[in-house]
Amino acid sequence: MIESLLVANRGEIARRIVRTAKKLGIRAIVVHSEADAGLPFVTEADQAVCVGPANPALSYRNVEAILAAAKDTGAQAIHPGYGFLSENADFARTVEASGLIWVGPGADAISAMGDKINARNLMAAAGVPVAPGTTEPAADLAAAVAAAGEIGYPVMVKAAAGGGGMGMGVATDEAGLRTEYDKVRSFAERMFGDGSVLIERYFPRVRHVEVQILGLADGRVVALGERECSVQRRNQKLVEESPSPAVSPELRARFLAAAVRAGEAVNYRNAGTVECLLDPTTGEFFFLEMNTRLQVEHPVTEYVYGVDLVEEQLRVAAGLAPTFDPDALAPRGHAIELRINAEDPKRFLPGPGAITTWNEPTGSGVRVDSGYVAGNTVTPFYDSLMAKLIVSGATRDEAVERARAAVAQFEIAGPKNNLPFFAELLENPEFLSGDYDTGIVSRMR
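Residues numbered from 1 in each chain as written. Predicted model: local features only at pLDDT ≥ 70, side-chain atom pairs only at ≥ 80, totals over all residues. Heavy atoms only, no water.

Novice: Hey, could you run me through the sheet that holds strand S6 (residues 155–159) in this one?
Specialist: In spatial order, the strands read S7-S6-S8; together these three strands make up an open sheet with antiparallel pairing. Single-partner strands in this sheet number two, and they are strand S7 (168–171) and strand S8 (197–201). Taking the axes of each pair of neighbouring strands and ignoring which way they run, one obtains an average angle of 25° across the sheet. Here helix H7 (residues 141–151) sits on the sheet in contact with S6 and S8, set at roughly 15° to S8. Against the sheet, helix H8 (residues 174–192) touches S6, S7 and S8, its axis set at about 20° to S6. (Pairing = 2+ DSSP bridges. Helix = DSSP H or I, 4+ residues; strand = E, 2+ residues; numbered from the N terminus. Axes fitted to C-alpha atoms, helices over the stretch in contact; angles between N-to-C directions. Contact = heavy atoms within 4.5 Å.)

And the structure:
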């Protein structure tokens, strides 16, 4: 097993990785910005190195500083968490060229899946269902208009290099397409340094369902069930649950088989997620993208399948067999994750600030992965995620009941937070029925 691990991330995911590393007897090292010096992931690590000021480009995306920290601390491996450099193929290659172990998929797989058009074409060739759309970037507005005419409105205008719900727009007619094309292209150039745009069919009523895959050290790819991610605002997830209430055993078998084919097509190793859109009317599903990293919502899979995905990541990176039997994977019970953000619960606008009260819920089937404690400050420099509240139960109804109680028990004062939204959601008839889609939040607002 790896003996020393540097975590190139921050907040709750860095703290969560540190927890598993220490459980396994691995020396846990973290990097941090000046703004994060007092956060729990820093104080709980075995060693911490400041790599720059608050600006992520000068700290958490500062490759030179991170590699220097790894060298100075004697780190054997680097875990990138999610976001920042986690899906940067060049960083993965540089880490390995430096003689370090990269705890993630190979750089070639990251590259292959990082371009949405290339990923779509690879998946189609592998027999994974893809939605009607362009097979190459729409070079200009005229090409986008022509593609939309063939696909049929409404269409999704999407940054080919985007991810995490960013760089997307919907057009219901040609006038809307002209507006969205320019907007998405400009955003993509600014945020990703790549203005390539693809056009896909847009489904007005759709569910977002993803499959957790794990590429093992022996070359096999296995699927650890699906997660429902349809409670979203601005195409970004707020709630995830597993199993999906929309997926039957027959549909689950098709989902998991397609996800395994997707992983095999790029010789996938380590943890990843195959994201799909599910048409609840027809039962058809289509490949959306592959996230070549650990997902924010991985804890619901951990509960339902009884695995520690970070431990499995470390085992794969070290060339070791998994702790579970790949031929005997089966879900048990139900789990729900709520993303506790520092944001206005009505309009979901960021609301950073100093935390004066932070009391986490406890009890059977309740887990909190948090990045903060009382006395810390949520700064405006990073994502608004403060914690993940995860609950589990023998049934979905039991998990919902535990979620209600945990939300009521969770006390946060100082920054704005979205706990009131979750209290409302957990009483919403549409959510409680399990028959909801990606429009549920807009209908609540």
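Next, the rest of the story.
Novice: Sorry if this is basic, but what is going on with the pattern of salt bridges here?
Specialist: Working definition: two side chains of opposite charge can pair if their charged atoms are close together. One pass over the full model with this rule turns up 41 salt bridges. Close ionic contact of arginine 367 with glutamate 302 constitutes a salt bridge, the shortest N to O distance being 3.0 Å. Here the residue arginine 367 occupies a position in strand S17 (residues 366–370), and glutamate 302 occupies one in helix H10 (residues 298–305), the gap between them amounting to 65 residues. The burial state of arginine 367 is the same as that of glutamate 302; both residues are buried. Ionic pairing is found between arginine 443 and glutamate 430, a salt bridge with its closest N-O pair at 2.4 Å. With arginine 443 in helix H15 (residues 440–444) and glutamate 430 in helix H14 (residues 429–433), this pair connects stretches of sequence that are 13 residues apart. (Salt bridge = Lys/Arg side-chain N within 4 Å of Asp/Glu carboxyl O. Buried < 20%, exposed > 50% of the residue type's maximum accessible area, 1.4 Å probe, protein only.)

Novice: Whenever I open this one, the packing of aromatic side chains confuses me. Can you help?
Specialist: Where two aromatic rings form a pair, the distance of their centres and the angle of their planes describe that pair. Applying the stated rule across the entire model yields 11 aromatic pairs. A ring pair is formed by phenylalanine 203 and phenylalanine 286, whose centres lie 5.2 Å apart and whose planes are at 15°; its orientation type is stacked. Remark: phenylalanine 286 occurs in strand S13 (residues 285–291) and phenylalanine 203 occurs in the loop between S8 and strand S9 (207–215); sequence separation between them is 83 residues. The pair formed by phenylalanine 203 and phenylalanine 286 is uniform in burial state, with each residue classed as buried. Taken together, a centroid distance of 5.4 Å and an interplanar angle of 90° make the contact between tryptophan 358 and phenylalanine 410 edge-to-face. Of the two residues, tryptophan 358 is situated in strand S16 (residues 357–359) and phenylalanine 410 in the loop between helix H12 (396–409) and strand S20 (411–413); the sequence distance between them amounts to 52 residues. The same class applies to tryptophan 358 and to phenylalanine 410, which are both buried. Each member of the aromatic cluster is reached from another via a ring pair, and the members are Tyr60, Phe84, Phe381 and Tyr382. The side chain of arginine 207 reaches across the aromatic face of tyrosine 436, ending 4.7 Å from its centre. (Phe/Tyr/Trp six-rings, centres within 6.5 Å; stacked < 30°, edge-to-face > 60°. Lys NZ or Arg CZ within 6 Å of the ring centre and 35° of its normal.)

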